[in-house]
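Residue-level listing of the chains:
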Amino acid sequence: MAQGRKTRQKQQADLKGSVSGWHVYKDDRGRAVYYDVFSKTGYILANNEERYKQFSMRFVMGLIGFILILMFNMPIWLCALAGVGVYAFLEFRFRKFLATLPRIENFKCNEKMKSEASIKTLETNKVILKMVLLIALSVLIVLNALNERYTGWMLYLNYVISALALIFALYHAKELISRKSK
C-alpha cells in the first residue's frame, strides 16, 4: 500500500510541469503522456522525464547539425544529408525509447502540458542565466555573420536565428516578471 502511494506521489510530480511539448498531454490521473500522432497511442512519461527531454529536441539537433556542417563551407547537399542523418538517428533512438514506456491505446488528448510550467519549475537564477545566454547568443550570431561577411540567404539565416534567440530570451523575461508579480 505504501509503495502505491509513493508511485502516485511521483506521478503527481509531473503536474509541476517538468515535461512539456507539442505532443505532451495530461491523462485523467494527471500524469504526463506523450501522444504519438502516427499510432494514436499515448506513452506515460512518469519516471522517464529526463530521458524524454533528451529526445524532445531531436529536430532542432538535426538543424544544428546542418548549420554546423554548413559553417565549414561544405556543399549544401552534404549539409542537408548530415542534418537529416542526425535527425533520423535521434528519431530511431526515440522510437526505441517509446517502446519501453507503458502505453495507453486510443489515448484521448484533453489537457496539454504548458511549456510555461517547465520554466516556472526552474530557480530564478537559472531563468536569468538562460536569458543572459540567449541574449549573448543572439548578439554573437549577428557579430559572427558580420565578421565572416556572409551575404544572401546565409546572412538572413543568421538574422533569423538571432531573432529567435532574442524572442526566447524575452519569453523567459515575461515568465520571470509574471513570477515576481505573484
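See the structure printed just above.
Residues numbered from 1 in each chain as written. Predicted model: local features only at pLDDT ≥ 70, side-chain atom pairs only at ≥ 80, totals over all residues. Heavy atoms only, no water.

What is the right way to read helix α3 (residues 58-70) from this model?
Since there are 3.6 residues in each turn of an α-helix, residues three or four apart along the chain are aligned in direction. Between its first and last C-alpha atoms α3 spans 18 Å; for 13 residues at 1.5 Å apiece the expected length is 18 Å, and the two agree. When α3 is considered as a whole, its buried residues turn out to be Arg-58, Gly-62, Gly-65, Phe-66, Ile-67 and Leu-70. Contact partners of the buried residues in α3: β2 (32-36), α2 (49-55), α4 (76-99) and α7 (153-181). (Helix = DSSP H or I, 4+ residues; strand = E, 2+ residues; numbered from the N terminus. Expected span 1.5 Å × (residues − 1). Buried < 20%, exposed > 50% of the residue type's maximum accessible area, 1.4 Å probe, protein only. Contact = heavy atoms within 4.5 Å.)

Quick question: what am I supposed to make of the packing of α3 against α4 here?
Think of two packed helices as two axes; the pair is described by the angle between the axes and how far apart they sit. Relative orientation of the contacting elements α3 and α4 amounts to 155 degrees, with a least axis distance of 8 Å. Relative to α4, the element α3 is oriented roughly antiparallel. The way α3 lies across α4 gives a crossing that is right-handed. Contacts between α3 and α4 involve Arg-58, Phe-59, Met-61, Gly-62, Phe-66, Ile-69 and Leu-70 from the former and Ile-76, Cys-79, Ala-80, Ala-82, Gly-83, Val-86, Tyr-87, Leu-90, Glu-91 and Phe-94 from the latter. Residue composition of the contact of α3 with α4, grouped by class: 13 nonpolar, 2 polar and 2 charged. (Axes fitted to C-alpha atoms, helices over the stretch in contact; angles between N-to-C directions. Parallel < 35°, antiparallel > 145°, perpendicular 65-115°, else oblique. Left-handed = near helix turned anticlockwise from the far one by under 90°. Nonpolar A, V, L, I, M, F, W, Y, C, P; charged D, E, K, R; others polar.)

Looking at this structure, how should I read the pattern of salt bridges?
Pairs can form between side chains of opposite charge whenever their charged atoms are close. Taken as a whole, this structure holds 7 salt bridges when the rule is applied. Close ionic contact of Asp-27 with Arg-31 constitutes a salt bridge, the shortest N to O distance being 2.6 Å. Grouping residues by exposure puts Asp-27 and Arg-31 together as buried. Across the salt bridge formed by Arg-103 and Glu-105, the nearest N and O atoms sit 3.4 Å from each other. (Salt bridge = Lys/Arg side-chain N within 4 Å of Asp/Glu carboxyl O.)

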